[in-house]
Amino acid sequence: MFAFEFLRTMLYFLFVMTLFYAGSQGDDNLQAMLVGAMMRKIKSRNWKKQRYFKLEDDFMTIWYQSKKAGNVRSTFSVNDVEAVREGHQSEVLLSIADEFPPDRCFTLVFRGRRGNLDLVAESAEEAQSWIWGMRKLIENVENMGEREKLDQWIGEWFKKADKNNDGRMNFKEVQDLLKMMNVDMNEHHAHHLFTMADKSQSGTLENDEFVLFYKMLTQREDVLKVFQEYSDGQKLSQSNLEDFLREEQLEGGDIQLHAKQLIECYEPSDKAKRMNAMTFDGFLMYLGSAEGSIFNPQRRGIFQDMTQPLCHYFISSSHNTYLMEDQLRGQSSVEGYIRALNRGCRCVEVDCWDGANGEPIVYHGHTFTSKILFKDVVSAVGNYAFKVSQYPVILSIENHCSVEQQRVMAHHLNHILGDRLLKTILDGKTPIRLPSPEDLKGKILVKAKKDGGLEQSLSGVVEDSLNGEVSDEDEAAEIDENHPHHESIHRRLKSKQRLSKELSDCVVYCKSVHFTSFKHSRIHSKFYEVASFTESKARKHLREAGAEFVHHNSRQLSRVYPSGFRTDSSNFNPQEMWNAGCQIVALNFQTAGEGMDVNDGLFSQNGCCGYVLKPSFMREADIRFDPEMPQKRDDYHPVVISGQQLPKVNIKEDSIVDPLVRVEVHGVPMDQAKQETRYIENNGFNPMWYDTLHFTIHTPELAMVRFVVEDYDKTSKNDFVGQYTLPLSCMQQGTRKHVELLLWRFSVK
């Protein structure tokens, strides 16, 4: 039965590819890509090489090679391409704009941290064929159902194994495949599986034989065990599936209807569908879908109240957004803004200094980082601010410019952003609180120094004035605190500068101010004032007056940024700042690691819009929540989470690994915890631990759960393999598969 279903799946894969190929016959763009084209690959103004690019017959792979490379080809998958930019929409292509017109240029933007691919076609028509053809292929991938994704995955493994491209797989290719899959299997057993699958006794595996081999190789004993608990061994009746949803997945509501919908959606066998049943293949597809994910699909879209004041939300925020690398010699690029905004970031930083020819520049002052034009940054923000989220973007400006160039900055902000730049309060009346993300949809706000306040702005009496430092932070000053002459350095860096009225007028709801004390803020501060803290200062306030810090952040915005000593662009863990209710916790988006993992995890909910509503006890002024003592909350209800691992881990190629899984809880100090499984020796393909881990969570509303897979090493630090982080509040209970790494049985008590 199972072999039959997998055979049906593989035949369906071939059928889908046939249909897709037939459909492509009428698509001239895809036909042109199948033929291929010579294009220039551009890395810089001085590096322009011709490469031959071609779409393979699977419609999923692009290969390219140089004239001198012989048969050596580089490839990438359509799956890896996030978007196609048309024209001079990268700094590299802008640098050669005088050589090649925009209608011949385009950029392939890859997912993750892989660099862009900038290309110049031989003609505008050829460029259009590749631009629209790639967009069509990306759309096809995004519209794939679970069955098509599985089919594609099977096909990719076959292609990896079939080294000589003859449509068959010999035993040597099988051994190479096992190594790619991280399976340390002795030769005798591998040959036994190969012989069992070779029904034609030809010494090679063809399509259906490969499917059978694949099935024997990937038999999921862990999932099969769960399936057999509720089925007759062959199929789940609708009643069996309802029992599974009720008892294992702990679902409520109309379970009968939900079971029927799951069978209709995920069951590949028409015969099983007619019987209102689900086979093991359908069960696997369900567990691998969004509905079977550990992340609650109901929290993927925007589900939170977006009409509360800005200070009631955590806001995805970037530090020194222009930097692509380290803080001392790294490259500055508008690409930093594009990537951050495309990841849902809603607060980006711009460090402005006087530049040549009267044009302000952006770079990390007092360092050797490269420089870019302020107007190019504003253009990039204007073009990409609302691609992935309609909620407001905050431009956090660190201003070191003369009055003359401040006026140029104001001109660029007004001229380039136009009506998107918020210049006045929303309703013409003096407000008593910050507007909401909903109120500010499609607007860009400037956070910077301002002469006077909203009240004076409404009266129109503000003039150019000498009002102290124009910048609300200076990391060079922080670095020099331990310097023997730091007092004179500090005075020089913080010397008074005039603030131009034109730039001051661009600031409405986000006036940067110096923080004095929580007592001073309670008495004197305005709701539209924003204080910035280094991570060390924020920790000090959190440690000494945590409840006061939370209360302060219920009324106005706070920004926390990394220490100036983090010259390698490393990050702190943002969780500790969220524990204090700090909204704008700025991180170095270019640096992967725990800090960005946790940040991405928090903002993966609520439509990835860059705004997450804080818990009610952090928003209400009459509640004093102390993150150091969460048990003193009136509505204190700790929860216990436990997980029994039943995972299947897809790990790095070309090595046999000894995987272990570490589960981390990030939250208030009482909730910080880590536990890990034992390691499984020489099995990176299908390890099973069956370990049970337990955690007690005192403030579940703030807790983040991070799953980390590592390759155990007896003599040195374990190698990082992969991770997945999500809010505890977004986790579904029951047997869950999560992000290609784990199948996790999860419960909350």
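Here goes a summary of the coordinates provided. Just so it is clear, the model here is predicted, and its values are computed rather than measured.

The rules behind each value
For every chain, the first residue of its written sequence is number 1, and the numbers climb from 1 along that sequence. Only residues with pLDDT of at least 70 get local features here, since the model is predicted, and only at 80 or more are side-chain atom pairs given and counted; chain-wide, interface and lining totals rely on the full set of residues. Each side-chain value is worked out from all heavy atoms of the structure, with water and hydrogens disregarded. The rule for pairing is simple: two strands pair if DSSP sees at least two bridges between them. The helix and strand labels rest on DSSP assignments: H or I over at least four residues marks a helix, E over at least two residues marks a strand, and numbering proceeds from the N terminus. Note on geometry: axes are C-alpha line fits, over the in-contact stretch for helices, and angles between N-to-C directions span 0 to 180 degrees. Residues belong to one nonpolar core when they are buried, are Ala, Val, Leu, Ile, Met, Phe, Trp, Tyr or Cys, and are joined through side-chain atoms within 4.5 Å. Partly exposed describes any residue whose relative accessible area lies between the buried limit of under 20% and the exposed limit of over 50%, with all areas from a 1.4 Å probe on protein chains only and scaled to the type maximum. Contacts: residue pairs with any heavy atoms within 4.5 Å of one another. We count a salt bridge whenever a side-chain nitrogen from Lys or Arg sits within 4 Å of a carboxyl oxygen from Asp or Glu. Polar contacts here mean pairs of N or O atoms no more than 3.5 Å apart (in protein, one a potential hydrogen donor and the other a potential acceptor; neighbouring residues in sequence count only if both atoms are side-chain atoms). Stacked, tilted and edge-to-face pairs are distinguished by plane angle, under 30 degrees for stacked and over 60 for edge-to-face with tilted covering the rest, among Phe, Tyr and Trp rings (Trp via its six-membered ring) whose centres lie within 6.5 Å. Two cysteine sulfurs form what is called a disulfide whenever their separation falls within 2.5 Å. Angle categories are assigned with fixed cut-offs, so that under 35 degrees is roughly parallel, over 145 is roughly antiparallel, 65 to 115 is roughly perpendicular, and the rest are oblique. The handedness criterion is simple: a crossing whose near helix is rotated anticlockwise from the far helix by less than a right angle is left-handed, and one whose near helix is rotated clockwise is right-handed.

Section: the sheet that holds strand E25 (residues 673-676)
Right, so step 1: Spatial strand order, E25-E24-E27-E28: 4 strands in an open sheet with antiparallel pairing. The strands lining the two open edges of the sheet, one partner per strand, are E25 and strand E28 (719-727). Between one strand axis and the next, the sheet turns by 15° as a mean value, whatever way the strands run.
Right, so step 2: Examined bridge by bridge, strand E24 (residues 659-666) and strand E27 (residues 704-711) share 8 bridges and lie antiparallel to one another. Looking at E27, one finds that leucine 660 is bridged to glutamate 710.

A closer look at the nonpolar core
Right, so step 1: Membership of the largest hydrophobic core comes to 65 residues, with the highest contact counts inside it found for Val350, Val381 and Leu413.
Right, so step 2: The biggest single contributor to this core is helix H15 (residues 374-384), with 6 residues.
Right, so step 3: Residues within four places of leucine 413 in sequence aside, it is in contact with Phe374, Val378, Leu395, Ile397, Gly418, Leu421, Val446, Leu503 and Cys506.
Right, so step 4: Among the nonpolar cores identified, the runner-up in size contains 29 residues, and Met33, Phe53, Leu117 and Ala127 belong to it.

Section: unusual backbone geometry
Right, so step 1: We note that histidine 366 has phi near 65°; this positive angle belongs to a residue other than glycine.
Right, so step 2: For histidine 366, the location among the structural elements is in the loop between strand E12 (361-362) and strand E13 (372-373).
Right, so step 3: For histidine 366, a relative accessible area of 49% gives the class partly exposed.
Right, so step 4: Even without being a glycine, cysteine 608 presents a positive backbone phi close to 50°.

Thoughts on the pattern of salt bridges
Right, so step 1: The full count for this structure, using the stated rule, is 27 salt bridges.
Right, so step 2: The residue glutamate 335 makes a salt bridge to arginine 85 at a minimum N-O spacing of 3.0 Å. On the criterion of sequence distance, the pair formed by glutamate 335 in helix H14 (residues 335-342) and arginine 85 in strand E5 (residues 81-86) is long-range, its members being 250 residues apart. Assigned by exposure class, glutamate 335 and arginine 85 land together as buried.
Right, so step 3: Here arginine 624 makes a salt bridge to glutamate 548, at a shortest N to O gap of 3.3 Å. One end of the pair, arginine 624, is in the loop between strand E22 (611-613) and strand E23 (639-645); the other, glutamate 548, is in helix H22 (residues 535-553), with 76 residues separating them in the sequence.
Right, so step 4: Salt bridges linked by common partners bring Asp597, Arg662, Glu664, Arg706 and Glu710 together as one network.

Considerations on the environment of asparagine 573
Right, so step 1: Summarising the element assignment, asparagine 573 is placed in the loop between strand E20 (558-561) and helix H23 (575-578).
Right, so step 2: When its relative accessible area of 15% is taken as the criterion, asparagine 573 is described as buried.
Right, so step 3: It is 9.0 Å that separates the C-alpha atoms of asparagine 573 and histidine 666, two residues lying 93 residues apart in sequence.
Right, so step 4: Apart from the residues within four sequence positions on either side, asparagine 573 is in contact with Glu594, Val598 and His666.
Right, so step 5: Reaching out from asparagine 573, the side chain makes a polar contact with the backbone nitrogen of glutamine 575 at a distance of 2.9 Å.
Right, so step 6: Side chain to side chain, asparagine 573 and histidine 666 meet in a polar contact 3.0 Å long.

Section: the packing of aromatic side chains
Right, so step 1: With the rule as written, the count across this model stands at 22 aromatic pairs.
Right, so step 2: Taking 6.5 Å as the distance between ring centres and 80° as the angle between the ring planes, the aromatic pair formed by phenylalanine 53 and tryptophan 130 counts as edge-to-face. Placement of the pair is phenylalanine 53 in strand E2 (residues 47-55) and tryptophan 130 in helix H4 (residues 124-142), with a sequence separation of 77 residues. As far as the burial class goes, phenylalanine 53 and tryptophan 130 line up, both buried.
Right, so step 3: With 4.5 Å between their ring centres and 45° between their planes, phenylalanine 617 and phenylalanine 625 make a pair best called tilted.
Right, so step 4: You can call phenylalanine 617 buried: its relative accessible area is 4%.
Right, so step 5: Under the relative-accessibility criterion, phenylalanine 625 is labelled buried at 1%.
Right, so step 6: Here the aromatic cluster, defined as three or more aromatic residues joined through ring pairs, consists of Phe53, Tyr64, Phe76, Phe110 and Trp130.

A word on the pairing of strand E18 (residues 507-513)
Right, so step 1: Taken across its 7 residues, E18 has 7 buried, putting it largely inside the fold.
Right, so step 2: For strand E15 (residues 444-448) and E18, the ladder comprises 2 bridges, and the chain directions are parallel. What sits directly across from valine 446, in E18, is valine 507.
Right, so step 3: The pairing of E18 with strand E19 (residues 529-534) spans 3 bridges and is parallel.

Quick word on the sheet that holds strand E6 (residues 105-110)
Right, so step 1: As summarised here, the arrangement of the 7 strands in space is E4-E3-E2-E1-E7-E6-E5, forming an open sheet in which the pairing is antiparallel. Whereas interior strands pair on both sides, the edge strands pair on one side only; in this sheet they are strand E4 (74-77) and E5. Taken pair by pair, the neighbouring strands of this sheet meet at an average axis angle of 35°, ignoring direction.
Right, so step 2: In terms of strand pairing, E5 meets E6 through 5 bridges, oriented antiparallel. In the sheet register, arginine 85 faces E6, and the bridge partner there is threonine 107.

Some points on the state of the cysteines
Right, so step 1: Applying the stated criterion across every chain, the model contains 0 disulfides.
Right, so step 2: Free of any disulfide, cysteine 345 has its nearest neighbouring cysteine sulfur in cysteine 347, separated by 6.6 Å.
Right, so step 3: Judged by relative accessible area, cysteine 345 falls into the buried class, the value being 0%.
Right, so step 4: Taking relative accessible area as the criterion, cysteine 347 reaches 1% and is therefore assigned buried.

Here's the deal with the packing of helix H9 (residues 221-230) against helix H13 (residues 280-287)
Right, so step 1: Look at H9 against H13: their axes get within 11 Å of each other, and the N-to-C directions meet at 110°. The orientation of H9 with respect to H13, classified from their angle, is roughly perpendicular. Judged by the sense of rotation from one axis to the other, the crossing of H9 with H13 is right-handed. Touching Val223, Leu224, Val226 and Phe227 of H9 are Phe280, Phe283, Leu284 and Leu287, all from H13.

Things to note about the side chain of serine 396
Right, so step 1: Mapped onto the elements of the fold, serine 396 is located in strand E14 (residues 393-399).
Right, so step 2: Assessed through its relative accessible area of 4%, serine 396 is described here as buried.
Right, so step 3: There is a polar contact of 3.4 Å between the side chain of serine 396 and the side chain of lysine 447.
Right, so step 4: Those residues in contact with serine 396 that sit more than four places away from it in its chain are Cys347, Val348, Glu349, Val350, Lys447 and Arg559.

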